[in-house]
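# Breakdown of the fold
Chain residues, written in single-letter form:
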Amino acid sequence: MNIILEFFVVTFKVLWAFVVAAAKWLMRPKEKSVAGQVCLITGAGSGLGRLFALEFARRRARLVLWDINTQSNEETAGMVRHIYREIAEEAVVAAQKAGHGEEVVPHYNLQVHTYTCDVSKRENVYTTAERVRKEVGEVSVLVNNAGVVSGHHLLECPDELIERTMMVNCHAHFWTTKAFLPKMLELNHGHIVTVASSLGLFSTAGVEDYCASKFGAVGFHESLSHELKAAEKDGIKTTLVCPYLVDTGMFRGCRIRKEIEPFLPPLKPDYCVKQAMRAILTDQPMICTPRLMYMVTFMKSILPFEAVVCMYRFLGADKCMYPFIAQRKQATNNNEAKNGI
């Protein structure tokens, strides 16, 4: 009898979840504030990581930027400091208009800290994380964004590049989360963001290592989310970000069928990050961009494999990475020729 009652309770909760999801779809939830909170972003030196840093800076978060490239990371920090100065200047003008006088300057503890860190190396992550705790404080928002791609067919890809892809795109999420989650659990407060890819939900030919690493990141994120729910740590939020091809140059040359391209062009990085930020700040568990990716994922789950192959071939998605791989190979050969290798 108890199990029957519990079944009806679970059914009601499932239906209610649909109602809540529909309501959020129709009425945009209010965005939460991250002002003054410490936000750590990996791979902040370029691409989506840099744009995430600028968006969090505009919302007055205290930023910790990690990247393996010191110079590009400092460039991002410079952009963040410029935003902080603009915020401070706007606050002064607002204070003066309110009649508080020029001598009254609002207090802003807006800071950006940069660290050179190779997230593929576990000990480097743990050592840098300890420095962050001592020099900045506990991290409230963790954005696991760092990513690489080898750009080789499986049998042509050196083993060390496969290992590097798996380490950066997947294993690093374990190290960063293990470093900062304990304090989040203690406070029951925090937010963990996993920047994965649509290629972590469905795959294509030629980038086996990349797809495997992103599938791993998605699996890690989903399991972590379930673990937090099982522990009743509802104050710790998680958001999985799965964009379609983003025009950052990472997959330059990737092409789907030319007749389909106008309907499914590469995403503008700014648009991708703004959509992700909206999801993060409204505690949305997952965001696929564009929304068509939800349908593709659903169809891949229910269709027979051969039907999926037919669909891929129609869209030109089965070999969409081949031009990209060919460009990478040519660039590599050119570099080797220049260096006399």
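Residues numbered from 1 in each chain as written. Predicted model: local features only at pLDDT ≥ 70, side-chain atom pairs only at ≥ 80, totals over all residues. Heavy atoms only, no water.

- Labelled according to an unreviewed UniProt entry, the protein appears under the name NADP-retinol dehydrogenase, originating from Podarcis lilfordi.
- What UniProt records for the protein under Sequence similarities (unreviewed entry) is the sentence "Belongs to the short-chain dehydrogenases/reductases (SDR) family."
- In its Catalytic activity (unreviewed entry) section, the UniProt entry covering the protein states "all-trans-retinol + NADP(+) = all-trans-retinal + NADPH + H(+)". (UniProt positions renumbered as here; feature names shortened; annotations may be inferred.)

## Examining the sheet that holds strand β2 (residues 62-67)
- Reading across the sheet, the seven strands line up as β3-β2-β1-β4-β5-β6-β7 and stay open at both edges, with parallel pairing between neighbours. Each having just a single partner strand, β3 (112-116) and β7 (286-289) make up the two edges of the open sheet. Averaged over neighbouring strand pairs, the angle between their axes works out to 15 degrees when direction is ignored.
- Sheet topology note: the strand β1 (residues 38-42)/β2 ladder contains five bridges and is parallel. Paired with Val38 across the bridge in β2 is Arg62.
- Along the sheet face, helix α5 (residues 159-187) touches β1, β2, β4 (141-144), β5 (190-195) and β6 (236-243) and points at about 170 degrees away from the line of β4. (Pairing = 2+ DSSP bridges. Helix = DSSP H or I, 4+ residues; strand = E, 2+ residues; numbered from the N terminus. Axes fitted to C-alpha atoms, helices over the stretch in contact; angles between N-to-C directions. Contact = heavy atoms within 4.5 Å.)

## Describing the UniProt feature "transmembrane region" (unreviewed entry) in the protein
- With numbering aligned to this structure, UniProt lists the feature "transmembrane region" (unreviewed entry) at residues 7-27 and 33-53.
- A distance of 15 Å separates the end C-alpha atoms of residues 33-53, which is 33% helix and 24% strand.

## Regarding the packing of helix α2 (residues 47-58) against helix α3 (residues 70-97)
- Here α2 crosses α3 at 20 degrees, and the two axes come no closer than 9 Å. Of the possible angle classes, the one that applies to α2 and α3 is roughly parallel. The handedness of the crossing between α2 and α3 is right-handed. Contacts between α2 and α3 pair Arg50, Ala53, Leu54, Ala57 and Arg58 from the former with Ser72, Glu75, Thr76, Met79, Val80, Ile83, Tyr84 and Ile87 from the latter.
- Here the contact of α2 with α3 is composed, by residue class, of eight nonpolar, two polar and three charged. (Parallel < 35°, antiparallel > 145°, perpendicular 65-115°, else oblique. Left-handed = near helix turned anticlockwise from the far one by under 90°. Nonpolar A, V, L, I, M, F, W, Y, C, P; charged D, E, K, R; others polar.)

## Here's the deal with the nonpolar core
- Grouped together as the largest cluster of nonpolar side chains are 65 residues, with contacts concentrated most on Ile41, Phe52, Phe56, Leu63 and Met321.
- Filtering out sequence-adjacent residues up to four positions away, Met321 remains in contact with Leu199, Thr204, Ala205, Val207, Phe251 and Cys254.
- Counting 27 residues, the second-largest nonpolar core is a separate cluster that includes Val64, Ala179, Ile192 and Phe220. (Core = buried A, V, L, I, M, F, W, Y, C linked by side-chain atoms within 4.5 Å. Buried < 20%, exposed > 50% of the residue type's maximum accessible area, 1.4 Å probe, protein only.)

## Section: the packing of aromatic side chains
- All told, the structure shown has five aromatic pairs when counted by the stated rule.
- Here Phe174 and Trp175 contribute two aromatic rings whose centre-to-centre distance is 6.4 Å and whose plane-to-plane angle is 55 degrees, an arrangement assigned as tilted.
- Look at Phe174 and you get partly exposed, because its relative accessible area is 34%.
- Taken together, the ring pairs in this structure connect Phe174, Trp175 and Phe220 into an aromatic cluster.
- Directly above the aromatic system of Trp175 lies the positively charged group of Arg122, at a separation of 5.5 Å from the ring centroid. (Phe/Tyr/Trp six-rings, centres within 6.5 Å; stacked < 30°, edge-to-face > 60°. Lys NZ or Arg CZ within 6 Å of the ring centre and 35° of its normal.)

## Overview of the side chain of His221
- Locating His221 in the fold gives a position in helix α6 (residues 208-230).
- Residue His221 is classed as buried on the basis of its relative accessible area of 3%.
- A polar contact is formed between the side chain of His221 and the side chain of Thr194, at a distance of 2.7 Å.
- Excluding residues within four positions of it along the chain, His221 makes contact with Ile192, Thr194, Thr238, Thr239, Leu240 and Pro285. (Polar contact = N/O pair within 3.5 Å; in protein donor to acceptor, adjacent residues only side chain to side chain.)

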